Amino acid sequence: MEPIYSAAIVLAFIALGELISLRTKARVPSLLVAMLGIFIVAQLGLVPDTVVEDSLLPQAYTILVLPLLFHMGSLIPLPTLLKQWRSVIIALSGMLVAVLTLALVVIPLFGFEYFVAGAGPLAGGIVATSLTTDGLTAAGVSSMIVVLPSLVLMMQSLPAMPMTNFLLRRFAINLRDSGELAKLAEDAQAEHGHAENGSAKAVGTKQKAGTKKKLVTLPSMLAHNELFLLFCVLVGGSLAALLAVPTHIPSSILALLLGIASTAIGLTPERALERSNSFGIAMAGVIAIVMAPLITASLSDVIAAIVPMLVILVIGFGGIMLGGFIATKLLRWKTGLGMSVALTAMYGFPADYLLTSEVARSVGRDETERSQLTDAMLPPMLVGGFTSVTSGSVVIASVLVSFI
């Protein structure tokens, strides 16, 4: 099939998934719709099983996966991560306990390859799934195992999102009714007023309060030039691939670290790939890599993978809940919020944002309370999602795949 036709078919299913997800406020995951839809159509023989390969999107993935990971390192500023250190610890704790419990249960039951196939996708999102799928394919494992990461990715948000909604709602109601919400808002207002006073005093010394000058400042003409920014992330990805050889560190981990460092010193702006207007095609390539095993797999392969998938989901979900609970108690944080932060590993952005906004909107009795609840819940939820889905899962998937 002509590449342009194949690409249009693949993107049609991706777009349909996005549309349904938006209409259902992320209750129906977009990837579930896209991947299940194209699998059914392929099984019916309405599209060739080479439609993903013919679209050339996997080639785009090959070029852009490391730049994409470099970009992911630029998503949240380092000071924000440091400020929300409790969220980072809780998210990491949930992931690590989930991976350990999966290793203890899945390896004896099914084997090491099944553990690798499930751990990365369960602890994160689509990029970790694509890295796992790519690694399993390169290792030449059976098609039934290769399809497992896609199935885990499709289904992982189904148990996690309702539980998060329940936990966050309980936390928000307690925060509202106990009087803590008003106190948090007063403290935030006082801090804001202090920052404004500091800013006013800083005028005389030509320094702005609350902003730290970075080591490198890009000229405005370059910082807003799409092609230059695309060049920067490609250089970052290339450098990660180059350093992977002598350091023996997976290039995906290096790309993520280089993105964090480059953004921290000001060499590249935050959300660099999005600013270059190239993020969409990179994500289309990632989704295509995850879709491909489903299309080429037989129905018997998918059916055979269902039992391992269910075991991985149940054990992994329990592990994330347990790890999040332990870390939350040790840090003396509110249980509802802490465990919700841990569960972001199973859905990430934008579901973490949508769930938080929905809870704040339904629990808040007026616009002021809704705004205060959002301010209290959204930063830790977003940082938790970034820590697990964007960063931690990439590290886990990269390390585990290297052992196959």
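Use the structure listed above.
Remember, it's a predicted structure, so these values are computed and weren't measured experimentally.

A. Molecular detail of helix α8 (residues 126-139). For α8, with 14 residues, the first-to-last C-alpha span of 20 Å sits near the 20 Å given by 1.5 Å per residue. Within α8, 10 of the 14 residues are buried, leaving the element largely enclosed by the surrounding structure. Just past α8, the residue G140 takes up positive phi, approximately 75 degrees.

B. Main features of a nonpolar patch on the surface. Nonpolar side chains collect at one region of the surface, where L36, I40, L44 and L46 lie side by side and expose about 410 Å² of accessible area between them. Mapping L36 onto the fold places it in helix α2 (residues 30-43).

C. Inspection of the packing of aromatic side chains at higher detail. The final tally for this structure, using the stated rule, is 3 aromatic pairs. Ring centres of F110 and Y114 lie 5.6 Å apart, and the angle between their planes is 40 degrees; on these two criteria the pair is classed as tilted. Judged by relative accessible area, which is 28%, F110 ranks as partly exposed. Judged by relative accessible area, which is 13%, Y114 ranks as buried. Note on F112 and F115: the rings are 5.9 Å apart at their centroids and 55 degrees apart in plane angle, and the pair reads as tilted. A residue pair is termed a helical-turn pair when its members lie 3 or 4 positions apart in one helix, as F112 and F115 do in helix α7 (residues 112-122) at 3 residues. Taking the relative accessible area as the measure of exposure, F115 reaches 5% and is therefore buried.

D. Up close: α7. With 9 of 11 residues buried, α7 is to be regarded as a mostly interior element. Turning to α7, its buried residues number three or more, namely Y114, F115, V116, A117, G118, A119, G120, P121 and L122. Here the buried face of α7 lies against α6 (85-109), α8, α9 (143-146), α10 (148-155), α18 (299-330) and α21 (367-401).

What counts as what
Residues numbered from 1 in each chain as written. Predicted model: local features only at pLDDT ≥ 70, side-chain atom pairs only at ≥ 80, totals over all residues. Heavy atoms only, no water. Helix = DSSP H or I, 4+ residues; strand = E, 2+ residues; numbered from the N terminus. Expected span 1.5 Å × (residues − 1). Buried < 20%, exposed > 50% of the residue type's maximum accessible area, 1.4 Å probe, protein only. Patch = residues over 30% accessible without salt bridge, like charges linked within 9 Å, V, L, I, M, F, W, Y side chains within 5 Å. Areas by Shrake-Rupley, 256 points an atom, 1.4 Å probe, with all protein chains shown as cover. Salt bridge = Lys/Arg side-chain N within 4 Å of Asp/Glu carboxyl O. Phe/Tyr/Trp six-rings, centres within 6.5 Å; stacked < 30°, edge-to-face > 60°. Contact = heavy atoms within 4.5 Å.

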